[in-house]
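Structural overview for review
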Amino acid sequence: MTRAADRRRPLRFLVAGTANTALGLSVYPLLLWGVPALHGRYLLALGIAQALSLCFAFTTYKAGVFRTRGNLLREFATFASFYLVNYAANWAALPFLVEVARLPPVPAQLAFTAILIVGSWFWHSRVTFRGRPK
């Protein structure tokens, strides 16, 4: 990768992260409010939103940000492991925030997402996509 392309990587990360966050934050309320079977089932809606968001985010980061070749299974496993830990924390925090703190599910999820954004750059740039660029 050229030095100029390497310097643009953080910008590409921000663009991809914005798209990923927009998708993730819009899918959750759309599922929660727009699918009658999910009304009141905020954790099921969260699980579906997380699965969709994980696949979309992996694709945008691999192809658009880090531009690595091969290593698909290793990278996906490493990528997913970061999010699975965060999803587990999210699954513990969201019921607490909704049931105990009495916050509405969507604002509670927004707050949790803000925390996730910060750690993702460091994990993905140093662990997930450390392979050879295209």
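Definitions and limits used
- Residues numbered from 1 in each chain as written.
- Predicted model: local features only at pLDDT ≥ 70, side-chain atom pairs only at ≥ 80, totals over all residues.
- Heavy atoms only, no water.
- Helix = DSSP H or I, 4+ residues; strand = E, 2+ residues; numbered from the N terminus.
- Contact = heavy atoms within 4.5 Å.
- Phe/Tyr/Trp six-rings, centres within 6.5 Å; stacked < 30°, edge-to-face > 60°.
- Buried < 20%, exposed > 50% of the residue type's maximum accessible area, 1.4 Å probe, protein only.
- Patch = residues over 30% accessible without salt bridge, like charges linked within 9 Å, V, L, I, M, F, W, Y side chains within 5 Å.
- Areas by Shrake-Rupley, 256 points an atom, 1.4 Å probe, with all protein chains shown as cover.
- Salt bridge = Lys/Arg side-chain N within 4 Å of Asp/Glu carboxyl O.
- Axes fitted to C-alpha atoms, helices over the stretch in contact; angles between N-to-C directions.
- Parallel < 35°, antiparallel > 145°, perpendicular 65-115°, else oblique.
- Left-handed = near helix turned anticlockwise from the far one by under 90°.
- Nonpolar A, V, L, I, M, F, W, Y, C, P; charged D, E, K, R; others polar.
- Lys, Arg positive; Asp, Glu negative; His and termini not counted.
- Charge placed at Lys NZ, Arg CZ, Asp CG, Glu CD.

Some thoughts on the side chain of Ser 120
Structurally, Ser 120 is set in helix α4 (residues 105-128). Aside from chain neighbours lying at most four places away, what touches Ser 120 is Phe 13, Phe 82 and Tyr 83.

Some thoughts on the packing of aromatic side chains
The full count for this structure, using the stated rule, is twelve aromatic pairs. Measuring from centroid to centroid gives 6.0 Å for Phe 79 and Phe 129, while their planes differ by 55 degrees, and the two rings are tilted. With Phe 79 in helix α3 (residues 72-100) and Phe 129 in the segment after α4, this residue pair connects regions lying 50 residues apart in the sequence. By relative accessible area, which is 3% here, Phe 129 ends up buried. Consider the rings of Phe 82 and Trp 123, whose centres lie 5.8 Å apart with planes at 20 degrees: the pair is stacked. Note that Phe 82 is positioned in helix α3 and Trp 123 in helix α4, a separation of 41 residues in sequence. These aromatic residues form a ring-pair network of at least three members: Phe 13, Phe 58, Tyr 61, Phe 66, Phe 76, Phe 79, Phe 82, Tyr 83, Tyr 87, Trp 123 and Phe 129.

Notes on a nonpolar patch on the surface
Nonpolar side chains collect at one region of the surface, where Leu 44, Ile 48 and Leu 52 lie side by side and expose about 250 Å² of accessible area between them. You can see Ile 48 is positioned in helix α2 (residues 42-66).

Points about the packing of α3 against α4
Remark: α3 packs on α4, axes separated minimally by 10 Å, with the N-to-C direction vectors making an angle of 155 degrees. Relative to α4, the element α3 lies roughly antiparallel. For the crossing formed where α3 meets α4, the hand is right-handed. Counted by class, the contact of α3 with α4 contains 14 nonpolar, nine polar and two charged residues.

A closer look at a positive patch on the surface
A cluster of basic side chains, namely Arg 3, Arg 7, Arg 8 and Arg 67, defines a positive patch on the protein surface. Within the secondary structure layout, Arg 3 lies in helix α1 (residues 3-34).

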